[in-house]
Each structure stands twice: as C-alpha cells, then as structure tokens.
Amino acid sequence: MIAIAISGAPGAGKGTQSELLVDKYDFAYISTGAALRKEMADGTEIGKKIKSIMDNGELVSDDIVGEIIVNVVRKAEEAGKKGILFDGFPRTIKQAEMLDELLNKEGIDFDGMIGLEVGEDILMARILNRAKTSGRSDDNEESVRHRLDAYHEKTAPIFDYYKKDNRYFGVNGEGEVININKDICAIIDTFKI
Ligand code: AMP
C-alpha cells in the first residue's frame, strides 16, 4: 500500500485535487479538516472542544488529530485499499513524526508529501470566493489570516522534514485544475502501487 499526503495553504486546492485522485486511484482518503468539521456538525465532545479553535483558524491539537488518523489507517488496510491519501495532514512536525511511526508499525512506507504551491493573493481571492457557497465558519478574512500564519509557522517546516529524504514533491498549484492534476499524477505514478 502506498501512502501520500497532499498539503498546501488554505485555498491551495487540496480538496479539489484529492477528489480527482480518489476517482482515479483506489485510495482510501481522509481530510482531517472535513473529519473535524463533521465532529462539530455532529455536536460530539471533540466537536465542542475544537469549535472556537477552528473558527479562529488555529490548529487543533496533535492528539485529537492523531486519534482520527489511527482509525483511518486501520480501516484502509481492512478494506484492502491500494493506497491512502491524507489531505491536510500532517500539518506539524509532531504529526509528521506520528505518521511515520504509525505507518512503520503497520509495515507501510510514507511515499511522499505533494505540496501545492500558490501565491497568497491568489489564495485569499479563492477563499473569499469559496466563502460565498462553502458555509464554512472559517472562510472569512480574519480566520484565513490566522490559517495562513499557522501554515507558515507550523506546516511549512515539515517540508524540510520531508526534503531531507526526498519525500517532498512541490507542484505549481496556480494553473488549470486539470493540468495541476496531471503533474500530481506524474509524481504518484513513480511510486510503486
Ligand atoms: P482544512 O479543511 O484542511 O483547510 O482544515 C480546516 C481547519 O481544520 C484548520 O484550519 C484546522 O483548524 C483544522 N485542521 C485540519 N487538519 C488539521 C491538522 N492536521 N492538524 C491540526 N488542525 C487541523
């Protein structure tokens, strides 16, 4: 089983690209953002705890996110999937280490992180446009500023973590969706599925 992650700042296109990849490959898929939004929508204990953090555009604790991920890896293996795609995870060095440890225990290698690289003016324009229809309580200018700060401070350092052993693959995320997708698929096709 291959294991890959898709990363990028808010509005970089992680969700859009993930949908196309899941259609094309037989991968299990987890968006930690979507999973956390579901906890809030269902009004669970976790959901209540994280609402103000998420609305502010800050990161949820590594422990909470870790719990979600453990279950997903287990289910993907049980379902005999060819791969697993993490969207928006890992987002901190701690999470990257957690993921390596978890996958190693299962005898799975982490093949790489695909980073969608997009300039900030484009990101902000995309999100404010998405806000018209997304219904997301964190799609507003102030929250997006915090999400960008969290991205630069906590998430960008993991690119160096993966670059050290050639597991970071940067992709220009500013063009047409379909062309970006082709670039991503070309990378995935170098992994042994
Ligand atoms: P996303 O849908 O990936 O843009 O994530 C939306 C929000 O969910 C983020 O701003 C964080 O508050 C939270 N979140 C999603 N994934 C993670 C993660 N891996 N670690 C911590 N917080 C996360």
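Structure shown above.
Draft legend 1. Examining the side chain of Arg167 more closely. Relative to the helices and strands, Arg167 is located in the loop between α8 (157–163) and β5 (168–172). At 3.0 Å, the side chain of Arg167 forms a polar contact with the side chain of Asp100. At a separation of 3.0 Å, a polar atom in the side chain of Arg167 contacts the side chain of Asp165.

Draft legend 2. Fine view of the packing of helix α6 (residues 120–134) against helix α7 (residues 141–155). Contact pair α6 / α7: the axes reach a minimum separation of 11 Å and the direction vectors enclose 135°. It follows that α6 is oblique to α7 by the angle criterion. Between α6 and α7 lies a crossing of right-handed hand. Across the interface between the two elements, Glu120, Leu123, Met124, Ile127, Leu128 and Arg130 from α6 touch Glu141, Val144, Arg145, Arg147, Leu148 and His152 from α7.

Draft legend 3. A look at unusual backbone geometry. Looking along the chain, the bond that leaves Phe89 and enters Pro90 is cis, with omega of -5°. Within the element layout of this structure, Pro90 appears in the loop between β3 (83–87) and α5 (93–105). Despite not being glycine, Asn166 has its phi angle at roughly 55°, a positive value. Structurally, Asn166 is set in the loop between α8 and β5.

Draft legend 4. Spatial organisation of helix α4 (residues 62–78). For α4, built from 17 residues, the straight-helix expectation of 24 Å at 1.5 Å per residue is met to within 8% by its first-to-last C-alpha distance of 25 Å. All of the buried residues in α4 are Asp62, Ile64, Val65, Gly66, Ile68, Ile69, Val72, Val73 and Ala76. Looking one or two residues past α4, Gly80 carries a phi angle of roughly 65°, positive in sign.

Draft legend 5. Summary view of the nonpolar core. If you look at the biggest cluster of nonpolar residues, it comprises 56 residues, and the most contacted ones within it are Ile69, Phe86, Ile184 and Ile188. Ranked by residue count, the leading element in this core is α4, at seven residues. Apart from the residues lying within four places of it in its own chain, the contact partners of Phe86 are Ala3, Ile4, Ala5, Ile6, Ile30, Ile69, Val73 and Leu99.

Draft legend 6. Quick look at the site of the ligand. Close to the ligand lie 17 residues, the nearest being Thr32, Arg37, Glu58, Gly88 and Gln95. The contact in question runs from a nitrogen atom of the ligand to an N or O atom on the side chain of Arg91, over 3.0 Å. Relative to its free-state accessible area of 480 Å², the ligand is covered by the protein chains to the extent of 97%. The greatest single-element share of the shell around the ligand, amounting to four residues, is contributed by helix α2 (residues 32–41). By residue class, the composition of the shell around the ligand is six nonpolar, four polar and seven charged.

Draft legend 7. View of the packing of aromatic side chains. The tally for this structure, following the rule as stated, stands at seven aromatic pairs. Each residue in the set Phe110, Tyr161 and Tyr162 is aromatic and connected to the rest through ring pairs, giving one cluster. Seen from the ring of Tyr168, Lys163 lies directly overhead, with NZ or CZ sitting 5.2 Å from the centre.

Draft legend 8. The sheet that holds β5, seen in detail. Taken in spatial order, the five strands of this open sheet run β2-β3-β1-β4-β5, and their pairing is parallel. Either end of the sheet is taken by a strand with one partner, and the two such strands are β2 (27–31) and β5. Strand-to-strand, the axes of this sheet are offset by a mean angle of 20°, without reference to chain direction. Two strands pair when backbone bridges link them, and strand β1 (residues 2–8) and strand β4 (residues 112–117) are joined in this way by five bridges, in the parallel orientation. The residue bridging Ile4 from the neighbouring strand is Gly112, located in β4. The strands that α2 touches are β2 and β3; relative to β2, the one it contacts most, it runs at about 60°.

Rules of the game
Residues numbered from 1 in each chain as written. Predicted model: local features only at pLDDT ≥ 70, side-chain atom pairs only at ≥ 80, totals over all residues. Heavy atoms only, no water. Helix = DSSP H or I, 4+ residues; strand = E, 2+ residues; numbered from the N terminus. Polar contact = N/O pair within 3.5 Å; in protein donor to acceptor, adjacent residues only side chain to side chain. Axes fitted to C-alpha atoms, helices over the stretch in contact; angles between N-to-C directions. Parallel < 35°, antiparallel > 145°, perpendicular 65-115°, else oblique. Left-handed = near helix turned anticlockwise from the far one by under 90°. Contact = heavy atoms within 4.5 Å. Expected span 1.5 Å × (residues − 1). Buried < 20%, exposed > 50% of the residue type's maximum accessible area, 1.4 Å probe, protein only. Core = buried A, V, L, I, M, F, W, Y, C linked by side-chain atoms within 4.5 Å. Near = heavy atom within 4 Å. Areas by Shrake-Rupley, 256 points an atom, 1.4 Å probe, with all protein chains shown as cover. Nonpolar A, V, L, I, M, F, W, Y, C, P; charged D, E, K, R; others polar. Phe/Tyr/Trp six-rings, centres within 6.5 Å; stacked < 30°, edge-to-face > 60°. Lys NZ or Arg CZ within 6 Å of the ring centre and 35° of its normal. Pairing = 2+ DSSP bridges.

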